[in-house]
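Chain by chain, the residues:
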Amino acid sequence: MCSVNLLQPDPMGSVSLLQLDPMGDDRGSLIALETSKNVPFNIKRVYYIYDTRTDIARGFHAHQHLQQLVICLKGACRFITDDGSEKQEHWLDSPEQGLFLSGLLWREMHDFSADCVLLILTDQLYDPNDYVRDYEQFLSMAKQRNA
Ligand code: TYD
């Protein structure tokens, strides 16, 4: 497994799709997630989202300083990110891809399949104060950081 540099949260907010190489053999597939091997931050918290109703969307908040790696272990969902000037949309449907989110980014999750399981690794413990839940407030924070 090759190595990745450890990164600091991007103050402006950035998104990239990381390829996660499986160690497969004729028994099946296995992916290991390790800090500085394929995860560019120190992993402090892991949570997963599952049994999500297919008629609802989640998220609708930004984090100010967090780094996250989002992996769709099963099923699919549409993941929207917004850095205040550009929106990106990623259809997550493979456990071999991780969406790396860093810094100030608005995020929304839509169109969950009934079997969707999203695994999220983060570099911080849960901190409600890191959340920005008001979109207008997020836009003004993004504007300030880009000034
Ligand atoms: P929330 O952030 O609202 O979920 P989403 O933004 O994905 O729709 O989280 C739902 C609840 O879970 C909320 O009461 C906060 C709590 N929670 C924790 O206690 N720890 C965590 O690490 C996370 C992500 C959420």
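Residues numbered from 1 in each chain as written. Predicted model: local features only at pLDDT ≥ 70, side-chain atom pairs only at ≥ 80, totals over all residues. Heavy atoms only, no water.

Enquirer: How do you make sense of the overall build of the protein when you look at a structure like this?
Expert: The helix and strand tally for the protein stands at 1 helix and 10 strands. Counting helices and strands in the order they occur from the N terminus, the protein gives β-β-β-β-β-β-β-β-β-β-α. Here the protein has a C-alpha radius of gyration of 15 Å; the compact-globule value for 147 residues is 15 Å, and the two agree. For the protein, the spread of C-alpha atoms along the principal axes amounts to about 50 × 40 × 25 Å. (Helix = DSSP H or I, 4+ residues; strand = E, 2+ residues; numbered from the N terminus. Rg over C-alpha atoms; globule rule 2.2 N^0.38 Å.)

Enquirer: How do you make sense of the pairing of strand β6 (residues 87-92) when you look at a structure like this?
Expert: Moving residue by residue along a regular strand, the side chains alternate between the two faces of the sheet. Inspection of the sheet shows strand β5 (residues 77-82) paired to β6 by 6 bridges, in the antiparallel sense. In the strand pairing of β6, Ile 80 is matched with Glu 89. (Pairing = 2+ DSSP bridges.)

Enquirer: When you look at the sheet that holds β5 in this model, what are you seeing that I'm missing?
Expert: Strand order in the open sheet formed by 5 strands is β6-β5-β8-β3-β10, with antiparallel pairing between adjacent strands. Edge strands, defined here as strands with exactly one partner in the open sheet, are β6 and β10 (131-132). Taken together, the 2 bridges between strand β3 (residues 58-63) and β10 define a ladder with antiparallel strand orientation. Bridged to Ala 62 within β10 is Val 132.

Enquirer: Where do I start with the pairing of β3 in this structure?
Expert: Bridge count between β3 and strand β8 (residues 105-110): 5 bridges; the pairing is antiparallel. Paired with His 61 across the strands is Arg 107, a residue of β8.

Enquirer: Teacher, can you tell me more about the sheet that holds strand β7 (residues 97-102) here?
Expert: Two pairing modes exist for strands in a sheet, parallel and antiparallel, and in both the strands are linked by backbone hydrogen bonds. Spatially, the 5 strands line up as an open sheet ordered β1-β7-β4-β9-β2, and their pairing is antiparallel. Strands with a single pairing partner mark the edges of an open sheet, and in this sheet they are β1 (14-19) and β2 (45-49). The sheet shows a mean angle of 20 degrees between the axes of neighbouring strands, taken without regard to direction. For strand β4 (residues 67-74) and strand β9 (residues 117-122), the ladder comprises 6 bridges, and the chain directions are antiparallel. Counted as the bridge partner of Gln 68 is Thr 122 from β9. (Axes fitted to C-alpha atoms, helices over the stretch in contact; angles between N-to-C directions.)

Enquirer: How should I be thinking about the site of the ligand in this particular structure?
Expert: What surrounds the ligand is the set Arg 45, Tyr 47, Ile 49, Arg 58, Gly 59, His 61, Met 109, Tyr 126, Tyr 131 and Arg 133. Take Arg 45: an N or O atom from its side chain is 2.4 Å from an oxygen atom of the ligand. When the ligand is considered free in solution it has 540 Å² of accessible area, and contact with the protein chains removes 59% of it. Taken together, the elements giving at least two residues each to the shell around the ligand come down to β2 and β3. (Near = heavy atom within 4 Å. Polar contact = N/O pair within 3.5 Å; in protein donor to acceptor, adjacent residues only side chain to side chain. Areas by Shrake-Rupley, 256 points an atom, 1.4 Å probe, with all protein chains shown as cover.)

Enquirer: Can you help me understand the nonpolar core in this one?
Expert: Nonpolar side chains in soluble globular proteins tend to end up buried together. Val 70, Phe 79, Leu 92, Leu 99, Leu 101, Phe 112 and Leu 118 are the most contacted members of the largest nonpolar core, which has 15 residues in total. Broken down by secondary-structure element, the contributors of at least two residues to this core are β4, β5, β7, β8 and β9. Discounting residues that sit within four places of it in the chain, Phe 79 has contacts with Val 70, Gln 88, Glu 89, His 90, Leu 92, Leu 99, Leu 101, Arg 107, Glu 108 and Met 109. (Core = buried A, V, L, I, M, F, W, Y, C linked by side-chain atoms within 4.5 Å. Buried < 20%, exposed > 50% of the residue type's maximum accessible area, 1.4 Å probe, protein only. Contact = heavy atoms within 4.5 Å.)

Enquirer: Help me understand the side chain of Thr 52 in this model?
Expert: In this structure, Thr 52 sits in the loop between β2 and β3. Setting aside residues up to four positions removed in sequence, Thr 52 forms contacts with Arg 58 and Phe 112.

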